[in-house]
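# Understanding the architecture of this molecule
The primary structure of each chain is shown beneath.
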Protein chains: 2
Amino acid sequence: MDLLVTIDQNYLQPLETMLTSLHDNDPAPYHLWVLHQQLTAAQVATLTTTTQQWGWQCTAIRVPADRFTTPKTTKRYPQEMYFRLLCGDLLPATVKKVLYLDPDTLVLRPLSALWRKPLHEHLFAAAAHTGLTTIATDINRLRLNQDHAYYNSGVLVINVALARQVITQEALNAALIRYERQLLLPDQDLLNLLYGQQTLRLNEMHWNYDARKYLGYLTRSRGRYDLQWVLAHTRVLHFCGQAKPWLPGHDTRFTALYLLYQRKAQILFNH
Amino acid sequence: MDLLVTIDQNYLQPLETMLTSLHDNDPAPYHLWVLHQQLTAAQVATLTTTTQQWGWQCTAIRVPADRFTTPKTTKRYPQEMYFRLLCGDLLPATVKKVLYLDPDTLVLRPLSALWRKPLHEHLFAAAAHTGLTTIATDINRLRLNQDHAYYNSGVLVINVALARQVITQEALNAALIRYERQLLLPDQDLLNLLYGQQTLRLNEMHWNYDARKYLGYLTRSRGRYDLQWVLAHTRVLHFCGQAKPWLPGHDTRFTALYLLYQRKAQILFNH
């Protein structure tokens, strides 16, 4: 299975925590593809050494600083925003499909069922963070004038072979300029605006559980989605939003779990 | 390091969860001593096989059904209540010291510092669950007429060599009869009544953290003992009381952590 991550230096430790949880809960050997612009050779070596000890392969690809010359009107967006959508151009032609995971996730169960989902003509598979209501979807439908769910781009299956043919930097830049005033989260909005129709919807409770929404999920499901359910069924826990579990003061039902993996990662990656 | 557990069939799965957390967070090889009356040969074999795969030794000792003929007045107490206090009589003479852990605990860090604590002339080392107040201690001092803290018997270091000389079944039975009306938790009360003066006090935040008391610890420490502190310092998390994390509906800041280890245990012990 091929796993794509894109990373700047600030997210290196969360990335290591996520990888530690994946290794701990999924026996499969992964080929890890790391797209980055700023990691040092020592940082890449640490990632490579530890994941190779797990029996994984690890390929870090440094994207040249001038690879994406963002249009003037979009200077507020970092270049890394392109990495997911344009991974077809950045990964070797031999890579036909990847799983993509944000560094602010924890993996609690094997991902093989996600990897095996047939994508057919879809470019992406992604979940929408509805919190079991339609409110967020309704707002984003209005904002972006869409007729599909508003997908979260933190957990994806990417049909790299098809993306390589379909997604171009020119198309992204044209959309960035055209929709500038409507865009809040650049890569996620672009995915929804341009490719939402070609996205296969995943079950958010299984594949991209929004850890902030525990009480909402629990209440709206009339008690069905309690912690026992989550630990028995959820594969990927996503710590979306501003409050991150590696920052002081985080205090939720999933914080202790995160901190356990954070410490395991610190041991495994020799910090 | 020698680790003592005492077990009836109802607590076998929690025991396996506790052992899994210990193995996961402490690289030391243990010699596990299991005192029981009711485990089947298959259950003992599963315990032995899995812990031997970890590089541990495992010795299960079946205590004969007629070993402890409880006095008539104390028939409400199970025989297992004697196992901790009389382990000197039940374990081989070569065992001079053991760590004892209740099955409703999780180990989050290595226990070597606990094992190395010099006991000198103390029979036990134990923590008191104060919750950072003196209320519980004050009530129990009155109830049992004691001038020391009220110790929790869920996490112990036992000076087995000394206990073998000092603690007798006759002394326990005499106390059971004499104090019958004051006793609420038989073995814990007996430990406090008879041997509280010979018990070395442990830091409860490190060695026997009462998982029910999170908000109390946090408030009374003015925010110091938050989840970040607990995951960085606490070695043993103790799920005291009636609400157990393996029962439906448990919903605390430590439930997810428990359920993760419960599932790991189910995999490791082939359930």
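In short, a report on the structure. (Residues numbered from 1 in each chain as written. Chains lettered and ligands numbered in written order. Predicted model: local features only at pLDDT ≥ 70, side-chain atom pairs only at ≥ 80, totals over all residues. Heavy atoms only, no water.)

### A few points about the pattern of salt bridges
Here is the rule we go by: Salt bridge criterion: a side-chain nitrogen from Lys or Arg within 4 Å of a carboxyl oxygen from Asp or Glu. Helix numbers and strand numbers start at the N terminus; a helix is a DSSP run of H or I with at least 4 residues, a strand a run of E with at least 2. Accessibility here uses a 1.4 Å probe with only protein chains present; expressed as a share of the type maximum, an area under 20% marks a residue as buried, one over 50% as exposed, and anything in between as partly exposed.
Counting across every chain of the model gives 14 salt bridges over all chains. In this structure, B:Arg253 and A:Asp251 form a salt bridge, with 2.4 Å as the shortest nitrogen-oxygen distance. Of this pair, B:Arg253 sits in the loop between β10 (236-238) and α13 (255-268) while A:Asp251 sits in the loop between β10 (236-238) and α13 (255-268), which puts the two residues in different chains. A salt bridge links B:Asp24 to A:Lys264; its shortest N-O distance comes to 2.4 Å. Taken as a pair, B:Asp24 in helix α1 (residues 12-25) and A:Lys264 in helix α13 lie in two separate chains rather than in one. Owing to a relative accessible area of 26%, B:Asp24 belongs among the partly exposed residues under this scheme. The class for A:Lys264 is buried, based on a relative accessible area of 11%. Here the residues in one salt-bridge network are A:Asp210, A:Arg212 and A:Lys213, joined through shared partners.

### Some remarks on the pairing of strand β2 (residues 31-36) of chain A
Residues and elements named next belong to chain A. Which entries qualify depends on this criterion: The criterion for strand pairing is that DSSP finds at least two bridges linking the strands in question. Look down the strands so they point away from you; if going from the first strand over the helix to the second traces a clockwise path, that crossover is right-handed.
Within β2, six of the six residues are buried, leaving the element largely enclosed by the surrounding structure. Relative to β2, strand β1 (residues 2-7) runs parallel, the two sharing six bridges. Across the sheet, the residue bridging to leucine 4 is tryptophan 33, located in β2. Read as a crossover between parallel neighbours, the route from β1 over helix α1 (residues 12-25) to β2 is right-handed. With six bridges connecting them, β2 and strand β3 (residues 57-62) associate as parallel partners. Bridge pairing in β3 links histidine 31 to glutamine 57.

### Some words on the sheet that holds β10(A)
Residues and elements named next belong to chain A. If you walk across this open sheet you meet the three strands as β5-β10-β9, and the pairing is mixed. Each edge of the sheet is formed by a strand with only one pairing partner; in this case those strands are β5 (105-107) and β9 (209-210). Two elements, β5 and β10, share three bridges in a ladder whose sense is antiparallel. Bridge pairing in β10 places leucine 106 opposite leucine 237.

### Some remarks on the state of the cysteines
Think of a disulfide as a covalent bridge from one cysteine sulfur atom to another cysteine sulfur atom. Counted only if it meets this: A pair of sulfur atoms, both from cysteines and within 2.5 Å, is called a disulfide here.
For the structure shown, the criterion picks out zero disulfides over all chains. Free cysteine B:Cys58: the closest other cysteine sulfur is in B:Cys87, separated by 16 Å.

### Some details on the interface of chain A and chain B
For clarity, the threshold we go by: In what follows, a contact means two residues having at least one pair of non-hydrogen atoms within 4.5 Å. Here's the idea: put two parts together, see how much 1.4 Å probe accessible area each one loses, and the total over both is what we call buried area. The term polar contact refers here to a pair of N or O atoms within 3.5 Å; inside protein, the definition further demands a hydrogen-donor-capable atom paired with an acceptor-capable atom, and it admits residues adjacent in sequence only when both atoms are side-chain atoms. Here the nonpolar group is Ala, Val, Leu, Ile, Met, Phe, Trp, Tyr, Cys and Pro; Asp, Glu, Lys and Arg are the charged ones; every other residue, Gly included, is treated as polar.
With 25 residues of chain A at the contact, the number on the chain B side is 25 residues. Both faces combined, the contact of chain A with chain B buries some 2,000 Å², and carbon together with sulfur accounts for 49% of it. For chain A, the biggest contributors to the area lost against chain B are A:Gln228, A:Asp251 and A:Arg263; these three give 27% of the whole. Applying the counting criterion to the chain A and chain B interface returns four salt bridges. Inspection of the chain A/chain B interface yields 14 residue pairs in polar contact (both at pLDDT 80 or more). Of all the secondary-structure elements, those providing two or more residues to the side of chain A that touches chain B are α1, α11 (214-220), α12 (227-233) and α13 of chain A. A breakdown of the residues in the side of chain A that touches chain B according to their chemical character gives 13 nonpolar, six polar and six charged.

### A look at the environment of B:Leu4
Residue and element names in this part refer to chain B. Within the secondary structure layout, leucine 4 lies in strand β1 (residues 2-7). Under the relative-accessibility criterion, leucine 4 is labelled buried at 0%. Sequence separation between leucine 4 and leucine 32 is 28 residues, and the spatial gap between their C-alpha atoms is 6.0 Å. Aside from chain neighbours lying at most four places away, what touches leucine 4 is Trp33, Leu35, Cys87, Leu91, Val98, Leu99, Tyr100, Leu101 and Ile158.

### Focus: helix α2 (residues 41-53) of chain B
Residues and elements named next belong to chain B. Which entries qualify depends on this criterion: The length a helix should cover is 1.5 Å for every residue beyond the first.
Look at α2: 18 Å from first C-alpha to last across 13 residues, which is about the 18 Å you get at 1.5 Å a residue. Restricting attention to buried positions, one finds in α2 the residues Gln43, Val44, Leu47, Thr48, Thr50 and Thr51. Here the buried face of α2 lies against α1, β2 (31-36), β3 (57-62) and α13.

Interpretation in functional terms is not warranted from these geometric data alone.
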